[in-house]
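Chains, contacts and geometry: an overview
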Amino acid sequence: GVKMLKVLVQEFSAIRELIALLDDPTSDAATIAVACYDLGEFARFYESGRSVIVHHKGKVKLMQLVEHDDDEVKKEALQASAKLLISNWEYVSAS
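Residues numbered from 1 in each chain as written. Predicted model: local features only at pLDDT ≥ 70, side-chain atom pairs only at ≥ 80, totals over all residues. Heavy atoms only, no water.

1. A look at unusual backbone geometry
To keep things clear, this is the line we draw: Helical segments are the DSSP runs of H or I of at least four residues, strand segments are the runs of E of at least two, and each set is numbered from the N terminus.
Of note in this structure, Lys 57 is not a glycine but carries a positive phi near 70 degrees. Among the structural elements, Lys 57 can be located in the loop between helix H3 (49-55) and helix H4 (58-65).

Following this line, the structure appears as structure tokens:
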């Protein structure tokens, strides 16, 4: 009920903060790369992670970072974007 909704809102505040770091002008490349990685792992391990990230405009920001100047940011953004596209991790792990 209401209590669960409050927990989810608080939980996703961390995700919103990670997404905000992606295009924050004060974020350095290392911060952005780690935020990309964390978002990708959230999408991978949390059942509704993909939709939460998409809802908060994280997918768009991740896709834009694939063309970032920093190679590490590019790599992490690409991997996180790929994780958003995979819907059945059990199938991927089994093959």
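There is more to say, and it comes next.
2. Details of helix H2 (residues 29-45)
Keep this limit in mind: Between the first and last residue of a helix there are one fewer steps than residues, each counted as 1.5 Å, and that sum is the expected span. Exposed residues in this analysis have more than 50% of their type's maximum accessible area, buried residues have under 20%, and partly exposed residues fall in between, with area computed by a 1.4 Å probe over protein chains only.
If you check H2, its first and last C-alpha atoms are 24 Å apart, about what 17 residues at 1.5 Å a residue would give, namely 24 Å. Taken together, the buried positions of H2 are occupied by Ile 32, Ala 33, Ala 35, Cys 36, Leu 39, Gly 40, Glu 41, Phe 42 and Ala 43.

3. Examining the nonpolar core
Note the following rule: Side-chain atoms within 4.5 Å are what join buried Ala, Val, Leu, Ile, Met, Phe, Trp, Tyr and Cys residues into a set we call a nonpolar core. The contact criterion used throughout is that any non-hydrogen atoms of two residues lie within 4.5 Å.
Ile 15, Leu 22, Cys 36, Leu 39, Ile 53 and Leu 65 are the most contacted members of the largest nonpolar core, which has 20 residues in total. The set of elements that each furnish at least two residues to this core consists of helix H1 (2-22), H2, H3, H4 and helix H5 (71-85). With seven residues, H2 is the largest single contributor of residues to this core. Apart from the residues within four sequence positions on either side, Leu 39 is in contact with Ile 15, Leu 18, Ile 19, Leu 22 and Ile 53.

4. A few points about H5
Definition in use: Under this definition, polar contacts are N or O atom pairs within 3.5 Å; protein pairs additionally need one hydrogen-donor-capable and one acceptor-capable atom, and for neighbouring residues in sequence, both atoms have to be side-chain atoms.
For H5, spanning 15 residues, the distance from its first C-alpha to its last is 21 Å, which sits close to the expected 21 Å at 1.5 Å a residue. Of the residues flanking the start of H5, the one acting as N-cap is Asp 70, its side-chain oxygen 2.9 Å from the backbone nitrogen of Glu 72.

5. Details of the environment of Leu 84
With respect to the helices, strands and loops of the structure, Leu 84 is situated in helix H5. The exposure class of Leu 84 is buried, given its relative accessible area of 6%. Along the chain, Leu 84 and Val 54 lie 30 residues apart, while their C-alpha atoms are 8.7 Å from each other. Apart from residues no more than four positions distant in its own chain, Leu 84 is found in contact with Ala 43, Arg 50, Ile 53, Lys 59 and Leu 62.

6. Side note on the environment of Met 63
Inspection of the secondary structure assignment puts Met 63 in helix H4. Sequence separation between Met 63 and Ser 81 is 18 residues, and the spatial gap between their C-alpha atoms is 6.5 Å.

7. Quick notes on the side chain of Ser 27
Inspection of the secondary structure puts Ser 27 in the loop between H1 and H2. A polar side-chain atom of Ser 27 sits 2.9 Å from the main-chain carbonyl oxygen of Leu 21.

8. Structural notes on the pattern of salt bridges
The following threshold applies: In the sections that follow, a salt bridge refers to a side-chain nitrogen of Lys or Arg positioned within 4 Å of a carboxyl oxygen of Asp or Glu.
Applying the stated criterion across every chain yields a total of five salt bridges. As a salt-bridge pair, Glu 41 and Arg 44 come within 3.4 Å of each other at their nearest N and O atoms. Remark: Arg 44 and Glu 41 occur in helix H2; sequence separation between them is three residues, near one turn of the helix. Judged by relative accessible area, Arg 44 falls into the partly exposed class, the value being 33%. One continuous salt-bridge network, built from bridges that share partners, spans Glu 41, Arg 44 and Lys 83.

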